[in-house]
Amino acid sequence: MSVRKLHASAAGVPPRIEVRNPAGSVTIESLEEADVLDVRVEALDAAAEELLDRVEIDVSDTDPDRPDSPVLLRIAVPERRLLRTPRFAVRVSTPAGAAVQVAVASSDVDLLGRFGRTELTGA
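Computed from a predicted structure; not experimentally measured.

Novice: Outline unusual backbone geometry, supporting the account with residue identities and numerical values.
Specialist: One non-glycine residue, E33, lies in positive phi territory at about 70°. Considering the arrangement of structural elements, one finds E33 in the loop between β2 (16-31) and β3 (36-43).

Right under this line is the structure:
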(Lines give C-alpha, C1' and ligand atoms only; values in the text may rest on other atoms or scores of the structure.)
Protein backbone atom coordinates (compact mmCIF):
# COMPACT_ATOMS: atom_id res chain seq x y z
CA MET A 1 0.00 0.00 0.00
CA SER A 2 1.01 3.62 -0.53
CA VAL A 3 2.57 5.87 2.11
CA ARG A 4 2.84 9.62 2.74
CA LYS A 5 5.68 10.94 4.88
CA LEU A 6 6.69 14.21 6.50
CA HIS A 7 9.86 15.20 8.36
CA ALA A 8 9.86 18.55 10.22
CA SER A 9 11.94 20.32 12.84
CA ALA A 10 10.49 20.57 16.34
CA ALA A 11 13.47 21.91 18.29
CA GLY A 12 12.84 23.85 21.48
CA VAL A 13 9.43 23.65 23.17
CA PRO A 14 7.72 20.22 22.93
CA PRO A 15 5.23 20.24 20.03
CA ARG A 16 1.44 19.93 20.01
CA ILE A 17 0.07 17.03 17.99
CA GLU A 18 -3.52 16.59 16.80
CA VAL A 19 -4.55 13.40 14.98
CA ARG A 20 -7.96 12.46 13.60
CA ASN A 21 -8.18 8.94 12.17
CA PRO A 22 -11.60 7.22 12.19
CA ALA A 23 -10.39 3.72 11.24
CA GLY A 24 -7.06 1.90 11.30
CA SER A 25 -4.36 2.71 13.84
CA VAL A 26 -2.55 5.62 15.48
CA THR A 27 0.89 5.18 17.05
CA ILE A 28 2.70 8.12 18.61
CA GLU A 29 6.15 7.56 20.07
CA SER A 30 7.99 10.21 22.05
CA LEU A 31 11.76 10.00 21.99
CA GLU A 32 14.08 11.62 24.52
CA GLU A 33 16.68 13.89 22.88
CA ALA A 34 14.70 14.04 19.60
CA ASP A 35 14.22 17.40 17.89
CA VAL A 36 12.20 16.39 14.83
CA LEU A 37 8.73 15.17 13.95
CA ASP A 38 8.54 12.15 11.67
CA VAL A 39 5.13 11.32 10.22
CA ARG A 40 4.12 8.27 8.22
CA VAL A 41 0.56 7.71 6.97
CA GLU A 42 -0.07 4.41 5.20
CA ALA A 43 -3.19 3.37 3.31
CA LEU A 44 -4.41 0.01 4.65
CA ASP A 45 -7.14 -0.76 2.10
CA ALA A 46 -8.34 0.19 -1.38
CA ALA A 47 -10.64 2.95 -0.07
CA ALA A 48 -7.71 4.56 1.76
CA GLU A 49 -5.46 4.14 -1.26
CA GLU A 50 -7.89 6.25 -3.31
CA LEU A 51 -7.93 9.00 -0.66
CA LEU A 52 -4.28 9.08 0.44
CA ASP A 53 -3.61 12.34 -1.42
CA ARG A 54 -6.46 13.97 0.57
CA VAL A 55 -4.85 13.24 3.96
CA GLU A 56 -4.12 16.57 5.63
CA ILE A 57 -0.66 16.81 7.20
CA ASP A 58 0.16 20.31 8.36
CA VAL A 59 3.00 21.68 10.48
CA SER A 60 2.87 25.29 11.66
CA ASP A 61 3.95 27.58 14.45
CA THR A 62 1.18 28.05 17.01
CA ASP A 63 2.14 31.72 17.45
CA PRO A 64 4.64 33.07 14.89
CA ASP A 65 5.20 36.18 17.03
CA ARG A 66 6.55 34.13 19.95
CA PRO A 67 9.76 32.18 19.36
CA ASP A 68 9.03 29.96 22.38
CA SER A 69 5.65 28.74 21.07
CA PRO A 70 5.36 25.04 20.19
CA VAL A 71 5.12 23.65 16.68
CA LEU A 72 1.63 22.34 15.88
CA LEU A 73 1.29 19.13 13.84
CA ARG A 74 -2.20 18.32 12.53
CA ILE A 75 -3.06 15.08 10.77
CA ALA A 76 -6.60 14.50 9.52
CA VAL A 77 -7.55 11.59 7.31
CA PRO A 78 -10.71 11.57 5.16
CA GLU A 79 -13.72 9.80 6.60
CA ARG A 80 -16.41 7.73 4.92
CA ARG A 81 -16.55 7.43 1.15
CA LEU A 82 -19.40 5.62 -0.59
CA LEU A 83 -20.39 3.74 2.57
CA ARG A 84 -16.80 2.57 3.15
CA THR A 85 -14.58 3.96 5.87
CA PRO A 86 -10.98 4.08 4.66
CA ARG A 87 -8.40 2.57 7.03
CA PHE A 88 -5.08 4.35 7.59
CA ALA A 89 -2.06 3.60 9.79
CA VAL A 90 -0.76 6.87 11.26
CA ARG A 91 2.66 6.78 12.94
CA VAL A 92 4.37 9.82 14.51
CA SER A 93 7.75 10.09 16.23
CA THR A 94 8.06 13.23 18.36
CA PRO A 95 10.29 14.85 20.94
CA ALA A 96 9.37 13.87 24.52
CA GLY A 97 6.82 15.98 26.36
CA ALA A 98 4.58 16.63 23.35
CA ALA A 99 0.94 17.53 24.02
CA VAL A 100 -1.25 15.04 22.17
CA GLN A 101 -4.89 15.11 21.09
CA VAL A 102 -6.22 12.03 19.26
CA ALA A 103 -9.75 11.45 17.92
CA VAL A 104 -10.71 8.01 16.60
CA ALA A 105 -13.78 5.88 15.98
CA SER A 106 -12.52 2.34 15.42
CA SER A 107 -8.75 2.79 15.45
CA ASP A 108 -6.18 1.20 17.71
CA VAL A 109 -4.19 3.85 19.60
CA ASP A 110 -0.71 3.37 21.08
CA LEU A 111 1.16 6.14 22.90
CA LEU A 112 4.74 5.19 23.72
CA GLY A 113 7.01 7.30 25.87
CA ARG A 114 6.64 10.51 27.90
CA PHE A 115 3.96 13.03 26.92
CA GLY A 116 2.56 16.29 28.23
CA ARG A 117 -1.17 16.93 28.23
CA THR A 118 -2.93 14.02 26.52
CA GLU A 119 -6.51 13.83 25.27
CA LEU A 120 -8.09 10.79 23.59
CA THR A 121 -11.59 10.75 22.13
CA GLY A 122 -13.00 7.48 20.81
CA ALA A 123 -16.29 5.99 19.74
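The discussion continues.
Novice: Just give me the short version of the pairing of strand β7 (residues 99-112), but keep the residues and values in it.
Specialist: Across 13 bridges, β2 lies against β7 in parallel orientation. Residue V19 lies in a different strand from β7, and its bridge partner there is V102. Two elements, β7 and strand β8 (residues 118-121), share four bridges in a ladder whose sense is parallel. Pairing of V100 across the sheet is with T118, part of β8.

Cut-off values and rules
Residues numbered from 1 in each chain as written. Predicted model: local features only at pLDDT ≥ 70, side-chain atom pairs only at ≥ 80, totals over all residues. Heavy atoms only, no water. Helix = DSSP H or I, 4+ residues; strand = E, 2+ residues; numbered from the N terminus. Pairing = 2+ DSSP bridges.

Read these as geometric descriptors, not functional statements.
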